[in-house]
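Coordinates in review
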Amino acid sequence: MARKMLNDGELSQPNQEEQTHFDFDLFVIGAGSGGVRAARFSANFGAKVGICELPFHPISSEVIGGVGGTCVIRGCVPKKILVYGASFGGELEDARSYGWEVHEKIDFDWKKLLQKKTDEILRLNGIYKRLLSNAGVKLYEGEGKIVGPNEVEVTQLDGTKLSYSAKHILIATGSRAQRAPIPGQELAITSDEALSLEELPKRAVVLGGGYIAVEFASIWRGMGSTVDLLFRKELPLRGFDDEMRAVVARNLEGRGINLHPRTTIKELIKSEESIKVITDHGEEIVADVVLFATGRAPNTKRLNLKAVGVEVDQTGAVKVDENSRTNVPSIWAVGDVTNRMNLTPVALMEGTCFAKTVFGGQPCKPDYRDVPCAVFCIPPLSVVGLSEEQAIEQGKGDILVFTSSFNPMRNTISGRQEKTVMKLVVDAETDKVLGASMCGPEAPEIMQGIAVALKCGATKAQFDSTVGIHPSSAEEFVTMRSVTRRVAAASSNPKTNL
């Protein structure tokens, strides 16, 4: 099949391609979401593609990983399975009000759920391998590193080193969870281990205020554990809309999670059968498990990037331009290893754009506007577009804020005191909807549809003219008629220390 390939920044016709022979048109290091997408799509465009990935293991390290990457093996997918499992605790409580005779003693088998989770990630690992094979991509199991602008070295499991030349090299090695540098840090675990614990902890301490922290706090609490959540700011989920952060905090407390704002861990001390957590306020908390959810670092240390001349930032993330190209023209990078917008669907978008640009004759750049995302705490938070603070900070004009807080119909029968909160941020002059947020049951499912509307540039009038689905929570997004507040462009300081 005739192909258009990118040479020296310009698309060239097949008869203009360089005559230099390479083993591969593309070699990808890392078979996670972004790497697999880029490899498959490039192969579908006619490129000869090779890809390497570390051997499979649920808990990653510098030398183990697995086809499918973080999301499939030790991230989004197994996390969501545990969230589903944890959600049944509250569901069973609510069921009594709906006439279900639920006995007081309900047993939960953690090991059974863990095995189901493991079975699923193994199944998905196999599917990803088949996707690569069906696309004609050659898969190598081993550690890859770059030894030249057009050369990759793969160290196989038996130590054998294989060397391949490639016209283009794509780095898609992702990132890995980090431990906080405090005394006793070796006693803590990261999200990798949290997804594979042999026993469900009775007492858990979670350090961190990001989405991973609140998700695991929700999981363990939903399964009956005592959970203490420690974070540095006044509210969890820094970077999200402040009003929605407060809603999440209220819901976490309502579910029985002990919140410790403006608190961090000073030291961990091993006792006979537990871990003593010493906070910076001198408080002592006893736990069976301490989870550090304090950030992730790009997987670049062993790629030999400095020797090849590929630039990285202070965190180790690969520097790329808007086309995902590094300062070395033949070397590219997508996904979390670039530390741009670290979401699986974004890595898929970046991988798709790379393949279209380099091999498909369809130059395109990733579009990071109006990317929806979700925090799978219980109940979940989901957002798209600008937060109120971001809209104010842009300072282009007055904004209108519409909010709705209500008791979901389901809770009116169960008696659960947990409100759903929705929010729209609108440009007062153009009527364009700039952002949407929701915290409540099924928020991510609803927000995906709202994201399409924002991507199409929908106005508040178009929201208002849309007929709702009744009875549903989702209809509230098209029935919010009254302005909650109008914020003048220059009248508010958008910065927050929360």
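Residues numbered from 1 in each chain as written. Predicted model: local features only at pLDDT ≥ 70, side-chain atom pairs only at ≥ 80, totals over all residues. Heavy atoms only, no water.

**A look at helix α4 (residues 110-134)**
Rules: Secondary structure elements follow DSSP: runs of H or I no shorter than four residues count as helices, runs of E no shorter than two count as strands, and numbering proceeds from the N terminus. A helix's residues, less one, multiplied by 1.5 Å, set its expected span. Only protein chains enter the calculation, and the probe is 1.4 Å; a residue is then buried if its accessible area is under 20% of its type maximum, exposed if over 50%, and partly exposed in between. We call two residues in contact when some of their heavy atoms are within 4.5 Å. In protein, a polar contact requires one atom able to donate a hydrogen and another able to accept it; more generally it is a pair of N or O atoms within 3.5 Å, and residues adjacent in sequence count only if both atoms are side-chain atoms.
Here α4 contains 25 residues, and its C-alpha end-to-end distance of 36 Å stays within 8% of the 36 Å for a straight helix at 1.5 Å per residue. If you check which residues of α4 are buried, you get W110, L113, L114, K117, I121, L124, N125, G126, Y128 and L132. Taken together, the buried residues of α4 touch α1 (33-44), β4 (49-53), α2 (69-74), α3 (76-95), β5 (138-148) and α5 (191-194). N-capping of α4 is provided by D109, with a side-chain oxygen placed 3.2 Å from the backbone N of K111. Phi for G136, located one or two positions after α4, is positive at around 85°.

**So, unusual backbone geometry**
With omega at -5°, the peptide bond leading from I378 into P379 counts as cis. Position of P379 relative to the elements: it lies in the loop between β18 (373-375) and β19 (381-385). Despite not being glycine, L237 has its phi angle at roughly 65°, a positive value. For L237, the location among the structural elements is in the loop between β10 (226-230) and α7 (242-254). One non-glycine residue with positive phi stands out, namely E442, at about 65°.

**Some points on the pattern of salt bridges**
Keep this limit in mind: Salt bridges are defined as contacts in which a side-chain nitrogen from Lys or Arg sits within 4 Å of a carboxyl oxygen from Asp or Glu.
Per the counting criterion, the structure on display carries 28 salt bridges. The salt bridge involving R416 is made with E93; its shortest N-O contact spans 3.3 Å. You can see R416 sitting in the loop between α11 (409-414) and β21 (420-427) and its partner E93 sitting in helix α3, a full 323 residues away along the chain. For R416, a relative accessible area of 16% gives the class buried. Measuring nitrogen to oxygen at the nearest pair gives 2.7 Å for the salt bridge that ties E243 to K423. Taken together, the positions of E243 in helix α7 and K423 in strand β21 put the pair 180 residues apart, joining distant regions of the chain.

**Considering the sheet that holds strand β12 (residues 265-270)**
Where we set the bar: Strand pairing is defined by DSSP finding a minimum of two bridges between the two strands. An axis is simply a line fitted to the C-alpha atoms; with a helix, the fit covers only the stretch in contact. Between two such axes, the angle follows the N-to-C directions and lies from 0 to 180 degrees.
An order of β12-β13-β14 is seen for the 3 strands of this open sheet, with the pairing classed as antiparallel. Where the open sheet ends on each side, the last strands, each with one partner, are β12 and β14 (284-287). Put simply, the sheet's adjacent strands are angled 25° from each other on average, direction ignored. Pairing between strand β13 (residues 275-279) and β14: 4 bridges, direction antiparallel. From the neighbouring strand, I278 faces β14, where its bridge partner is E284.

**Comments concerning the packing of aromatic side chains**
Here is the rule: Note on ring pairs: Phe, Tyr and Trp rings are taken, using the six-membered ring of Trp, and paired if centres are within 6.5 Å. Classes follow the plane angle, with under 30 degrees stacked, over 60 edge-to-face and the rest tilted.
For the coordinates displayed, the defined rule picks out 9 aromatic pairs. The interplanar angle of 15° and the centroid separation of 6.0 Å between the aromatic rings of F27 and Y164 together place this pair among those described as stacked. Of this pair, F27 sits in strand β3 (residues 24-29) while Y164 sits in strand β7 (residues 161-171); the two residues are 137 residues apart in sequence, bridging distant segments of the chain. Residue Y164 is classed as buried on the basis of its relative accessible area of 16%.

**Quick look at the environment of E234**
Relative to the helices and strands, E234 resides in the loop between β10 and α7. On the accessibility criterion, E234 (35% relative accessible area) is partly exposed. At 2.9 Å, the side chain of E234 and the side chain of R262 are in polar contact.

**As for the packing of α1 against α4**
Rules: Orientation labels follow simple angle bins: below 35 degrees gives roughly parallel, above 145 gives roughly antiparallel, 65 to 115 gives roughly perpendicular, and whatever is left gives oblique. A crossing counts as left-handed when the near helix is turned anticlockwise from the far one by less than a right angle, and as right-handed when that turn is clockwise.
It is the contact of α1 with α4, at a shortest axis distance of 9 Å, that shows an interaxial angle of 25°. Between α1 and α4, the interaxial angle falls into the category roughly parallel. As α1 packs across α4, the resulting crossing turns out to be left-handed. Across the interface between the two elements, S33, V36, A39 and R40 of α1 pack against Y128, L131 and L132 of α4.

**Let's talk about the sheet that holds strand β9 (residues 203-207)**
Across the sheet, which stays open at both edges, the 4 strands sit in the order β11-β10-β9-β15 with parallel pairing between neighbours. Because the sheet does not close on itself, it has two edges, and the strands there are β11 (258-260) and β15 (289-292). For this sheet the average axis-to-axis angle between neighbouring strands, irrespective of direction, equals 15°. Where β9 lies against β15, 4 bridges are found, and the strand directions are parallel. The residue of β15 that forms the bridge with L207 is F292. Running at roughly 165° to β10, helix α6 (residues 211-222) makes contact with β9, β10 and β15 of the sheet.

Fair warning: the whole summary comes from geometry, so function is off the table for now.
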